[in-house]
Amino acid sequence: EAVRSVMDQTYPDIEVFAIDDGSTDATRAKLLDLERRFAKRFRWVDSPRRGACAARNIGLANTSGEYVQFLDADDAVLTDKLHRQVDFARAHGMPDIIVADFLNVYEDGREEKISGAGGNTWLALVRTQMGTTSANLFKRTALDAVNGWNEEQLSSQDYELMFRLLKNGASVQWD
């Protein structure tokens, strides 16, 4: 579902790079099928289990887009997300982070919309109102400037990353 949500984007200029982070289920077979179906737009690699941050850094190192969208296996994005956010980036000076609202869907079917705060980025960060990994769009040069994801961070990795980005002077816009 995560890969399909990206392949169905209205924005045409995308590349998808997936990392199998040591899965022990049927992931490999699914990735091989996706590789066949989307031969020119989808690539993947096997990696020993090192966690989400290491997988994201592998993806960052193996792609070339100016902006990067990160998704975990249980994430999906709306069909026009990337098109809308790329247009938004162009209209707002190509910021380092585009923060977006998102919808948490829980196993019991409950839904919770999380909205960004806007305004003061540091207060938004402290209040956990700066989006999340799958909602935000990140500029590659800003990620490179802080050496990507901290592979030692076990939780709240997106907020730790955004802290370092802000500390490094990253520009932020709320979508």
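These numbers come from a predicted model, not from an experiment.

What counts as what
- Residues numbered from 1 in each chain as written.
- Predicted model: local features only at pLDDT ≥ 70, side-chain atom pairs only at ≥ 80, totals over all residues.
- Heavy atoms only, no water.
- Buried < 20%, exposed > 50% of the residue type's maximum accessible area, 1.4 Å probe, protein only.
- Helix = DSSP H or I, 4+ residues; strand = E, 2+ residues; numbered from the N terminus.
- Arc of directions from axis to C-beta.
- Contact = heavy atoms within 4.5 Å.
- Salt bridge = Lys/Arg side-chain N within 4 Å of Asp/Glu carboxyl O.
- pLDDT = per-residue confidence, 0-100.
- Phe/Tyr/Trp six-rings, centres within 6.5 Å; stacked < 30°, edge-to-face > 60°.
- Lys NZ or Arg CZ within 6 Å of the ring centre and 35° of its normal.
- Core = buried A, V, L, I, M, F, W, Y, C linked by side-chain atoms within 4.5 Å.
- Pairing = 2+ DSSP bridges.
- Axes fitted to C-alpha atoms, helices over the stretch in contact; angles between N-to-C directions.

Here helix 4 (residues 81-91) has its buried residues at K81, L82, Q85, V86, F88 and A89. What you see down the axis of helix 4 is that its buried residues fit within an arc of 160°, all on one side. Exposed residues pointing more than 90 degrees away from the buried face of helix 4 are listed as R90 and A91. Buried residues along helix 4 sit against strand 3 (67-68), strand 4 (97-99), strand 7 (137-139) and strand 8 (172-174). Two residues or fewer past helix 4, G93 is found with a positive phi of approximately 75°.

Take the pattern of salt bridges next. As enumerated under the stated definition, the model contains 11 salt bridges in all. Of the charged contacts in the structure, one is a salt bridge between R36 and D33, with a shortest N-O distance of 3.9 Å. Of this pair, R36 and D33 are both found in helix 2 (residues 27-37), 3 residues apart, which corresponds to roughly one turn of the helix. According to the relative accessible area criterion, R36 is exposed, its value standing at 59%.

With that settled, the discussion passes to the confidence of the model for the chain. Looking at the chain, pLDDT values average 92 and 100% of them are 70 or higher. Of all secondary-structure elements in the chain, the lowest mean pLDDT belongs to strand 2 (residues 42-47), at 87, while helix 6 (residues 140-145) reaches the highest, 98.

Across all of its chains, the model carries 4 aromatic pairs by this definition. Between F138 and W149 the ring centres are 6.3 Å apart and the planes differ by 70°, which places this aromatic pair in the edge-to-face class. Taken as a pair, F138 in strand 7 and W149 in the loop between helix 6 and helix 7 (157-167) lie far apart in primary sequence, 11 residues in all. By relative accessible area, which is 3% here, W149 ends up buried. Feature note: the residues F70, F138 and W149 constitute an aromatic cluster, connected by ring pairs. A cation sits over an aromatic face here: R56 above W149, 4.5 Å from the ring centre. The ring of Y106 has R110 sitting right over it, with the charged end atom 4.1 Å from the ring centre.

Judged by nonpolar contacts, the single largest core of 21 residues is most densely connected at I97, M130, F138, L143, L161, M162 and L165. Mapped onto this core, the elements with two or more residues apiece are helix 3 (52-61), strand 4, helix 5 (121-126), helix 6 and helix 7. Element by element, the count of residues in this core is highest for helix 7, at 5 residues. In this view, L161 contacts F138, L143, V146, G148 and W149; residues no more than four positions away in its chain are not counted. Counting residues in hydrophobic clusters, the runner-up holds 19 residues, among them V3, F42, F88 and I98.

The next thing to look at is the sheet that holds strand 8. The sheet built from 4 strands is open, its strands ordered 3-7-4-8 with mixed pairing. Strands with a single pairing partner mark the edges of an open sheet, and in this sheet they are strand 3 and strand 8. Here strand 4 pairs with strand 8 via 3 bridges, running parallel. The partner of I97 across the bridge, within strand 8, is V172. Across the sheet, helix 7 lies against strand 4, strand 7 and strand 8, angled at about 40° from strand 7, the strand it touches most.

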